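Structural overview
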Amino acid sequence: MDIYINGKKCKAVQGETILEIAGKNGVRIPTLCYHSDLCLAGNCRICVVDVDGARTLQTACTAMASNGMKIWTNTPRVIKARKMNIQLLLGSHFGECYTCPRNNNCELLKLAEEYGIEELPFPKKGKRTGALEITPSITRDPDKCIMCGRCVRTCEELQGVHAVKPVGRSNDIHIGTFFNQGLMHTSCTMCGQCINRCPTGALYETSCVQPVWDALADPDKYVVVQTAPAVRAALGEEFGMEPGSRVTGKMVAGLRRLGFNKVFDTQFTADLTIIEEGTEFLTRLKRTLVNKEKGLLPMTTSCSPGWIKYIEHFYPELLTHVSTCKSPQQMFGPLAKTYFAEKEGINPAKMITVSIMPCVAKKYEADRPEMNASGYKDVDYVLTTRELAKMMKMAGLDLKDMPVEEYDNPFGISTGAAVIFGATGGVMEAALRTVYEIVTGREIPFKNLDITPVRGMEDVKEAGITIEGVKEEYKFLEGAKVKVAVAHSLSAAKKVMDKVRSGEADYHFIEIMACPGGCLGGGGQPIPTSPEIRKARARAIYEEDEAMTIRKSHENPAIKKLYEDFLEKPNSHKAHELLHTHYLKRKRFDKVK
Amino acid sequence: MPAAGFVLEKRKQGEALKKAFEINRAEITDMIKDSGLKGRGGAGFPTGLKMYLCGAAADTIKYVICNADEGEPGTFKDRVILETVPEKVFEGMAITAYVIGAKEGIIYLRGEYEYLKAGLENTLDGMRKNNLLGEKILGGNFDFDIKIVLGAGAYVCGEETALIESLEGKRGEAKNKPPFPVSSGLFCHPTLVSNVETFCNIPHIVTEGAQWFKNIGSEKSAGTKLVSVSGDVKKPGVYEIPFGMKVKDLLKLVEAGNTKAVDIGGASGIVIPESQFDREISFEDIPTGGSVIVFDKTRKMIDVMENFMEFFLDESCGQCTPCREGTKYFVDAVEKIKNGRITDQELKNLRDISNCMKLTSKCGLGQSSTNAFISILDNFKEELLS
Amino acid sequence: MTVSSKISKKEIINELDNILSKTNLERENLLCVLEELVRKFGYLNDIMAVEVGKRFGVDPNEIYSVASFYAFLPVKKSGKYKIRICRTISCKLKNADKIVEAIEDEIGIKFGGTTKDMKFTLERANCLGMCDKAPAMLINDKVYTELTPEKAKEIIRSYKNK
Ligand SMILES: Cc1cc2nc3c(=O)[nH]c(=O)nc-3n(C[C@H](O)[C@H](O)[C@H](O)COP(=O)(O)O)c2cc1C
Ligand code: SF4
Ligand code: SF4
Ligand code: SF4
Ligand code: SF4
Ligand code: FES
Ligand code: FES
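Per chain, residues are indexed from 1 in the order of the written sequence. The naming scheme follows written order: chains are lettered A onward, ligands numbered 1 onward. This being a predicted model, a pLDDT of at least 70 is required before a residue's local features are given, and a value of 80 or more before pairs of side-chain atoms are given or counted; all residues contribute to the totals for chains, interfaces and linings. Note that water and hydrogens are dropped before the side-chain values are worked out from all heavy atoms of the structure.

1. Looking at the overall build of chain B
Scanning chain B from terminus to terminus reveals 16 helices and nine strands. Scaling as 2.2 N^0.38, a compact globule of 386 residues should have a C-alpha radius of gyration of about 21 Å, and chain B matches this with 21 Å. Each of the three principal axes of chain B carries a C-alpha extent, and together these read 70 × 45 × 35 Å. Once local pairs closer than 6 in sequence are excluded, the contacts in chain B between residues at least 24 apart make up 71%. Taken as two groups, the 48 positive and 55 negative side-chain charges of chain B have centres that lie 2 Å from each other. Helix and strand assignments come from DSSP, with helices taken as H or I runs of at least 4 residues and strands as E runs of at least 2, each series counted from the N terminus. Atoms counted for the radius of gyration: C-alpha only. Globule rule: 2.2 Å times residue count to the power 0.38. Note on definitions: a residue-residue contact is assigned when non-hydrogen atoms from the two residues lie within 4.5 Å. Note on charges: Lys and Arg go in the positive column, Asp and Glu in the negative column, and His and the chain ends are not counted at all. In this description, the location of a charge corresponds to atom NZ of lysine, CZ of arginine, CG of aspartate or CD of glutamate.

2. Observations regarding the pairing of strand β1 (residues 81–86) of chain C
Residues and elements named next belong to chain C. The classification of residues rests on relative accessible area computed with a 1.4 Å probe and restricted to protein chains. Under 20% of the type maximum is buried, over 50% is exposed, and intermediate values are partly exposed. Across the six residues that make up β1, a large majority, six, are buried. Neither face of β1 is exposed, since Tyr 81, Ile 83 and Ile 85 on one face and Lys 82, Arg 84 and Cys 86 on the opposite face are all buried. At least two bridges found by DSSP between two strands are what make those strands a pair. Across six bridges, β1 lies against strand β2 (residues 120–125) in parallel orientation. Paired with Ile 85 across the bridge in β2 is Arg 124.

3. Let's talk about the interface of chain B and chain C
Facing 49 residues of chain B, the contacting portion of chain C comprises 33 residues. Summed over both sides, the interface between chain B and chain C buries roughly 3,300 Å², with carbon and sulfur atoms accounting for 53% of that surface. A per-residue breakdown of the area chain B buries against chain C is headed by B:Ala152, B:Arg171 and B:Asn307, which together make up 19% of the total. A carboxyl oxygen of Asp or Glu within 4 Å of a side-chain nitrogen of Lys or Arg is what we treat as a salt bridge. Our count for the contact surface shared by chain B and chain C stands at four salt bridges. Polar contact criterion, stated in full: a pair of N or O atoms within 3.5 Å, where within protein one must be able to donate a hydrogen and the other to accept it, and residues adjacent in sequence count only if both atoms are side-chain atoms. Put simply, chain B and chain C have 21 residue pairs in polar contact (both at pLDDT 80 or more) between them. Contributions of two or more residues to the side of chain B that touches chain C are made by β3 (145–150), α7 (160–167), β5 (224–231), β9 (291–296) and α11 (301–315) of chain B. For the side of chain B that touches chain C, the element with the highest residue contribution is α11(B), accounting for eight residues. When grouped by side-chain class, the residues that make up the side of chain B that touches chain C number 20 nonpolar, 13 polar and 16 charged. A quick way to say it: buried area is the sum, across both parts, of accessible area lost when two parts are put together, with a 1.4 Å probe. Residues are grouped as follows: nonpolar covers Ala, Val, Leu, Ile, Met, Phe, Trp, Tyr, Cys and Pro; charged covers Asp, Glu, Lys and Arg; every other residue, Gly included, is treated as polar.

4. Examining the domain arrangement of chain C
Where each domain begins and ends is defined by an automated method or by a domain database. Segmenting chain C into domains produces domain 1 (9–67) and domain 2 (81–160). Averaged C-alpha coordinates put domain 1 of chain C and domain 2 of chain C at centres separated by 28 Å.

5. Looking at the side chain of C:Asn126
Checked against the element boundaries, C:Asn126 lands in the loop between β2 and β3 (137–139). A relative accessible area of 9% means that C:Asn126 is categorised as buried. A polar side-chain atom of C:Asn126 sits 3.4 Å from a polar atom in the side chain of B:Asp314. Separated by 2.8 Å, the side chains of C:Asn126 and B:Glu315 make a polar contact. With residues up to four places along the chain from it excluded, the contact list for C:Asn126 reads B:Arg110, B:Phe311, B:Asp314, B:Glu315, C:Cys86, C:Arg87 and C:Thr88.

6. Observations concerning the packing of aromatic side chains
For Phe, Tyr and Trp, where Trp contributes only its six-membered ring, two rings pair if their centres lie within 6.5 Å, and the inter-plane angle classes them as stacked under 30 degrees, edge-to-face over 60, or tilted in between. Inspection of every chain in the model, using the stated rule, returns 37 aromatic pairs over all chains. Plain terms: the ring middles of A:Tyr339 and A:Phe566 are 5.1 Å apart, the flat faces sit at 50 degrees to each other, and that makes the pair tilted. Placement of A:Tyr339 in helix α10 (residues 328–344) and of A:Phe566 in helix α17 (residues 557–567) is noted, with a sequence separation of 227 residues between them. Assigned by exposure class, A:Tyr339 and A:Phe566 land together as buried. Plain terms: the ring middles of B:Tyr155 and B:Phe312 are 6.4 Å apart, the flat faces sit at 65 degrees to each other, and that makes the pair edge-to-face. Taken together, the residues span a long stretch of sequence, with B:Tyr155 in the loop between β3 and α7 and B:Phe312 in helix α11 at a distance of 157 residues. Consider the ring centre and the ring normal. A charge sits over the ring if Lys NZ or Arg CZ is within 6 Å of that centre and within 35 degrees of that normal. Its guanidinium or amino end placed over the ring of A:Tyr364, A:Lys309 lies 5.2 Å from that ring's centre, counting from NZ or CZ. Residue placement shows B:Lys33 over the ring face of B:Tyr52; its charged tip is 4.3 Å from the ring centre.

7. Concerning the site of ligand 4
Taken together, 13 residues surround ligand 4, and among them A:Cys145, A:Cys148, A:Gly149, A:Cys151 and A:Cys198 come closest. Split by residue class, the shell around ligand 4 holds ten nonpolar, two polar and one charged. Any residue with a heavy atom positioned within 4 Å of a molecule or strand is treated as near that molecule or strand.

8. Considerations on the sheet that holds strand β7 (residues 138–140) of chain A
Through backbone hydrogen bonds, the strands of a sheet pair up, either in parallel or in antiparallel fashion. All names here are of chain A. Within the open sheet, the three strands sit side by side as β6-β7-β10. Their pairing is antiparallel. Only two strands of the sheet have a single partner each, and these edge strands are β6 (133–134) and β10 (203–205). In this structure, β7 lies alongside β10, joined through three bridges in antiparallel fashion. Looking at β10, one finds that Thr 139 is bridged to Tyr 204.

9. Topic: the interface of chain B and chain A
With 36 residues of chain B in contact, the opposing surface of chain A contributes 33 residues. Regarding the contact of chain B and chain A, the summed buried area is about 2,900 Å², with carbon and sulfur atoms giving 53% of it. Three residues stand out in chain B for area buried against chain A, namely B:Thr321, B:Tyr329 and B:Leu359, and they jointly supply 21% of the buried area on that side. Taken together, chain B and chain A are joined by three salt bridges. As a salt-bridge pair, B:Asp352 and A:Lys80 come within 3.2 Å of each other at their nearest N and O atoms. When residues of the side of chain B that touches chain A are traced back to their parent elements, those giving at least two are α11, α12 (321–338) and α13 (344–360) of chain B. Split by residue class, the side of chain B that touches chain A holds eleven nonpolar, eleven polar and 14 charged.

10. Focus on helix α8 (residues 196–208) of chain B
Residue and element names in this part refer to chain B. Across the 13 residues of α8, twelve count as buried, placing the element largely inside the fold. Residues Val 196, Glu 197, Thr 198, Phe 199, Cys 200, Asn 201, Ile 202, Pro 203, His 204, Ile 205, Val 206 and Thr 207 constitute the buried set of α8. Where α8 begins, one side-chain oxygen reaches toward the backbone nitrogen of Glu 197, 2.9 Å away; that side chain belongs to Asn 195.

11. Focus on the site of ligand 1
Residue and element names in this part refer to chain B. Near ligand 1, the surroundings consist of 19 residues, among which Gly 41, Lys 50, Asn 67, Asn 195 and Thr 198 are the closest. Within the contact set of ligand 1, a nitrogen atom lies 3.3 Å away from a backbone nitrogen or oxygen of Gly 158. Contacts to ligand 1 include Ser 194, whose side-chain N or O atom sits 3.3 Å from an oxygen atom. Only the protein chains shown count as cover for residues, and the accessible areas themselves come from Shrake-Rupley with a 1.4 Å probe. Here ligand 1 loses 89% of its free accessible area of 600 Å² to cover by the protein chains.

12. Overview of the sheet that holds strand β5 (residues 70–72) of chain A
All names here are of chain A. Ordered in space as β2-β1-β5-β3-β4, the five strands form an open sheet in which the pairing is mixed. In this open sheet, the two edge strands, each paired with only one partner strand, are β2 (8–11) and β4 (58–59). As defined by bridge partners, strand β3 (residues 48–51) adjoins β4 across two bridges and the pair is classed as antiparallel. Each bridged residue has a counterpart across the sheet, and for Val 48 the counterpart in β4 is Thr 59. Against the sheet, helix α2 (residues 76–91) contacts β3 and β5, and its axis sits at roughly 155 degrees relative to β3. Think of each axis as a best-fit line through the C-alpha atoms, taken over the contacting stretch in the case of a helix, with angles from 0 to 180 degrees between the N-to-C directions.

13. A word on the domain arrangement of chain B
Residues and elements named next belong to chain B. Partitioning chain B into domains gives domain 1 (15–214), domain 2 (224–296) and domain 3 (301–385). Averaged C-alpha coordinates put domain 1 and domain 2 at centres separated by 26 Å. Surface buried jointly by domain 1 and domain 2 totals about 1,200 Å² across both partners, of which 60% is contributed by carbon and sulfur atoms. Together, Arg 40, Phe 76 and Lys 77 form the three largest contributors to the area buried by domain 1 at its contact with domain 2, with a combined 35%. Here Lys 225 makes a salt bridge to Glu 197, at a shortest N to O gap of 2.6 Å. Run the count over domain 1 and domain 2 and you get eight residue pairs in polar contact (both at pLDDT 80 or more). When residues in the side of domain 1 that touches domain 2 are grouped by element, the largest group, three residues, is from helix α4 (residues 77–84). Partitioning the side of domain 1 that touches domain 2 into residue classes produces five nonpolar, six polar and five charged.

14. Quick notes on the side chain of A:Asp143
Residues and elements named next belong to chain A. Mapping Asp 143 onto the fold places it in the loop between β7 and α4 (150–158). A relative accessible area of 9% places Asp 143 in the buried class. There is a polar contact of 2.8 Å between the side chain of Asp 143 and the backbone nitrogen of Thr 129.

15. Points about the environment of A:Ser491
All names here are of chain A. Within the secondary structure, Ser 491 is located in helix α15 (residues 490–502). For Ser 491, a relative accessible area of 22% puts it in the partly exposed group. A sequence separation of 59 residues divides Ser 491 from Ile 550, and the C-alpha atoms of the two residues are 34 Å apart. If sequence neighbours within four positions are ignored, Ser 491 has contacts with Glu 157, Leu 158, Gln 159 and Gly 160.

16. Things to note about the environment of A:Arg55
Within the element layout of this structure, A:Arg55 appears in the loop between β3 and β4. Looking at A:Arg55, the relative accessible area reads 67%, which means it is exposed. If we ignore the near neighbours within four places in the chain, the residues touching A:Arg55 are A:Arg77, B:Leu359 and B:Gln367.

In structure tokens, the structure reads:
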């Protein structure tokens, strides 16, 4: 069918919204409560347009096109109404842009600028309360909330957690937690997906920037940094580069200029995770198939701390299924403060380990009391991709101008298998590349080692691989079809785990990432996020894998050396002490008697 | 004027339903269309057209909902209908259900009227016994039953989409329209929502015919209207008037004296001064869901303004920007007017906010919540700003 | 109805089982079940939200969010008898303010307050649909009209002994 936007004829399909059609035809309509990842709310009333024949203005984000519809997106009354709605929002918005974490990237501020807001119809009533809710990962600043409901929809639709909800009505309406008990007591997973979708500074990560500067400034401290795989596929966006720009070497150079004593790569411990987790998987397979033990399979991955907190709250009875391997971040910490410290003769008490993560749940993870295998806090500070960009900007460093540099040794050597940890399906692919080869002595039979069935953005992916021609010690696996599943976002995790709980699922191995797209869509990544942006980041990650000379974790020479020098063998006693962990059965609402 | 005064009269139960079964569905729809019956809940949408649209929607499950959330300040006529002739409302619902192909009816009764519930249940039981509800009604092959659901204290739930949300066990927040309930309503099934009084008219139209109905009232507003009259009058109560009655005639009827102003349509309606008492109550002039509140000359209009603006501050659902945020400014403005401190510029800004609310609010609440403010401001400027 | 500052989980579960023996677990019955709980306990607390949520398969926080929308589903401690005095214009014209004063005087609390013994909560309500018999008030589901300060006090007194 045809519709007319500002007099111009446009093609439209039944069920398309005015906003979608306008977008395809290069007509910009401002939005605020709309988000491409979420269902429609239509509550901010910013996207209003004139439609011939309609008494009131229509919201472009929700109104479906109908044949012959005539739409005007910029009439004086449209502009006036939008401007007024922006003013009304600003009228009860209490924040100061110059102290706001979102001051260079705020949708509200951008709209205020776009619509030339110079004053408000009435002076603001009330003032900032400054009542922040601070958790190890997330800070909520309700004074800046404009009630767009994007966090609510994120937490409900994408994550199935329901930690935040609209509470009250009318004048009293606000975003709240269960009986006002706070995020820390109501099973928020700390995934930070709500942060990525908040248009304002009402939600942001609890910052560690200052303590990291302090550590860097302290001549007594030896500060090492690790960078997660997904950071390199997104950091560029903070410096105006296109989504999907690969900036690994430039990032390393930037970190060095910030003054870190060593710049290491979490990918090193990602490779290590594959060895430990792959070995654990084979053990679980054997105990299940040979010894007929129960509750060991399917095994799920454990590298996503948002996922860990989710299963602790929502499926505590299934915790035996979770791999005991720590996440790569938490494997790195104790190794830095033991193996590396010993090797270099550094007093671990004086060592500070910082990690750069695409994630805010990692902050919570680092703070978990059991994460002190080295005898110290294993990971001292976690910075998000966004915080790293902030530090570089403070230091006057523009990523675009950085030279390309290499990571330091020994924790700078990694493989293609490690980089794909950053994308959904990546851990599974990396694990399969290694496990298959351990068991059969041959490479996994996929062209170019690309295990495409576990790649892509479908929320749950499944694959099966028949194992044939096994080595003597894996006889019990001959002819077995190993079934795997990959889920990203917690609502997808729920789908899979419900099947596991009911016994309907016959998977052996499940990869779960709390965030859509995997870590590349993590709660600490550059804002905005959208399906397209995440696809671009995924492309960067797979290109990075392609470009690596070694693409299988078990071939990482530094890992081999680590076992020879220090850990002895996979799943050894020492490995267990440093690299494995345990989980906590948590209640949904720990304050409810 | 033809005989007004049938809506609250008892009539033989089941007569209209029986007649409806004798004619085909399309004919009944046409009959209601031809009668010119428009919704009595306030918006005045043609009921026949609503029936047609809902009837035409392809679905095996459909619902008929009677909106008895009556929350508009000054409105109590639905209460009186439900106290005196509930069986006619239920019969109207049954006829509607028969026409559109629904098997389930719901009456959404405001929580404040909980004390009516037992009586209504009794009436329903009686009708079931008489085979006017339930399975195989009147021996035919039409099944239909009605259940009563209580609201929980939220004016906005009178808005049909909010009402549906509430029936689904959710927050009573209005939804974006389209889709309208006739195509996607309760649990996404086609749903016909009408006011208590609207349903109560249907049995009469079916038995007496469209033309009979059209003869009552004014050109574009067929039939009668129940108005709830309160305030400074000797005889407050519910009156059935033919559409087109002048305000001053109504005032005579209810024995109002020394009248200064009349609010028509409640908090979301308008307030008119004596100079406009010649105006008519009808869809072409001043429509009302049923509220008429009379103020005599001892009253201060600023108090009326204040009361209504505070009402919306309580009752906005709070989801959309213009209504949630806009409402606050009008409460403040009243305070300023009271203190004699409002400026012309501020009044202009308030009109801008009001326009924005009218044009961009998600539902009728926000679209009409400044009506009273603006009309009082326009009509009683001297008193207010002196 | 048993209102006390502590409601045990056992009491809640018993009552809930009792309510649910009469209705099914479709979401459309949620409000009705919450209304029943309020009738019994006077308000909704976190335990009730968790228990109702479990049975309906609805997230407890969603239940909290829904309840908090409605004036008649209090999510904070509230008295056994909820006195709701109409504050809307027709009652106002008929001296509703005097009724408020009289009741405040009789039970010694202000609007929004609850008596120490958890017997009364005093709330403002919007139009109760009794404007022809203004001023009006509700006490739980009972409506009282054409009030005078004396009449209002008497009514309250009759509840004190209940
Ligand atoms: C805020 C608001 C409150 C409303 N309250 C009621 C009400 O209490 N009763 C009613 O019948 N209609 C009410 N309506 C109108 C309904 O949305 C709807 O139009 C009506 O129930 C349709 O029935 P009718 O066509 O018979 O009038 C309200 C509308 C709005 C916007
Ligand atoms: S949220 Fe946006 S508008 Fe508000 S203080 Fe922060 S940057 Fe400024
Ligand atoms: S961090 Fe994740 S779980 Fe917590 S409120 Fe935000 S979206 Fe929900
Ligand atoms: S916290 Fe942010 S995302 Fe959530 S409603 Fe407020 S402004 Fe919107
Ligand atoms: S106009 Fe008011 S009541 Fe209606 S949806 Fe918007 S905020 Fe809610
Ligand atoms: S973007 Fe359309 S209403 Fe908010
Ligand atoms: S104004 Fe009080 S009952 Fe209507």
